[in-house]
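Commentary on secondary and tertiary structure
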Amino acid sequence: MKTLIIATRDGTRLKLKKPKCLVRISKHKLIELILNTCKNAGLEDFLLVTGYKAEMVEKSVKNIASKYKIRVKFIYNDEWEKENGISVYKAKEWINEKFLLLMSDHLFEPAMLNKLLTYSNTQECIIGVDKDLTKLYDLEEATKVKLYEDKVIDIGKHLNNYNAVDTGLFLLNPLIFEVLEGLIAKKQYKLNDAFTLLARRDKLQAADLSGYFWIDIDTKQDLQFAREVARKFGW
């Protein structure tokens, strides 16, 4: 199974002069922690979409790939400043079966990935969700998800009626590219818009990843908290 990782963003909100995925969490960079977690789950074939300072990201990741003996293909997105949907779509020609989608600014416990992979035989696209809303670090910034049993009914940053949030871990099939192609033709680039359409087609299922630590690192406060947790787990 291929693993697609979106690593296009700058570190503006963190006041960095380098891509966000290269920020150090502990003794390791964020992207190394993610790749090591994937390697330990048996994943060795990666597609990495780059954007901001792509050459810097490629140089660093090539060293990490050599260290962990994994394969990484780099895909440059010259429209990286747009929403993430277009970054996912850039990988279309290299994927023709079910694949993992991860974000390079999300730190997560390895057990979350292992649990998500148990859904590999499911026909629908899978979005990893957290239902424990009382323990979330930053609920306001989270992408909200409305569930009915294990089916996703709606998804978006500004939902008023929701009972879970998106963790940034996905197990998808090529149907996502078909949906994104239609949206991009209308100049709509949000990945969540594609998930909304899949939900309306009854093609989007939730994997309950509640009870584990994960964080979307957007601010200095997020970064500090991530570093504190990393020390706790010995990452």
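Okay, so let's go over this structure. Values in this document were obtained by computation on a predicted structure and should not be read as measured data.

Remarks on helix α5 (residues 175-185)
Every buried residue of α5 is listed here: Ile176, Phe177, Val179, Leu180, Leu183 and Ile184. Each buried residue of α5 lies within a common arc of 160° when the element is viewed along its axis, so the set occupies one face. On its buried face, α5 sits against α3 (84-89), β4 (99-103), β9 (164-172) and α6 (191-200). Backbone geometry just after α5 places Lys187 at a positive phi near 60°.

Digging into the pairing of strand β6 (residues 125-130)
Most of β6 is tucked away, with six of its six residues classed as buried. Side chains of β6 alternate between two faces, with Cys125, Ile127 and Val129 and Ile126, Gly128 and Asp130 buried alike. With five bridges joining them, β6 and strand β10 (residues 204-208) adopt parallel strand pairing. By the bridge assignment, Ile127 is partnered in β10 with Ala206.

Notes on the side chain of Ser60
Turning to its location among the elements, Ser60 is positioned in helix α2 (residues 54-68). Excluding anything up to four places from it in sequence, Ser60 contacts Leu22 and Lys29.

Quick word on the packing of aromatic side chains
All told, the structure shown has seven aromatic pairs when counted by the stated rule. Centre to centre, the rings of Phe170 and Phe195 are 5.0 Å apart; their planes meet at 25°, and the pair counts as stacked. With a gap of 25 residues between them, Phe170 in strand β9 and Phe195 in helix α6 connect regions that are remote in the sequence. Both residues of the pair, Phe170 and Phe195, belong to the buried class. Ring plane angle 45° and centroid distance 6.3 Å describe the contact between Phe213 and Trp235, whose orientation is recorded as tilted. Of the two residues, Phe213 is situated in the loop between β10 and β11 (214-216) and Trp235 in the segment after α7 (220-233); the sequence distance between them amounts to 22 residues.

So, how was this worked out
Residues numbered from 1 in each chain as written. Predicted model: local features only at pLDDT ≥ 70, side-chain atom pairs only at ≥ 80, totals over all residues. Heavy atoms only, no water. Buried < 20%, exposed > 50% of the residue type's maximum accessible area, 1.4 Å probe, protein only. Helix = DSSP H or I, 4+ residues; strand = E, 2+ residues; numbered from the N terminus. Arc of directions from axis to C-beta. Contact = heavy atoms within 4.5 Å. Pairing = 2+ DSSP bridges. Phe/Tyr/Trp six-rings, centres within 6.5 Å; stacked < 30°, edge-to-face > 60°.

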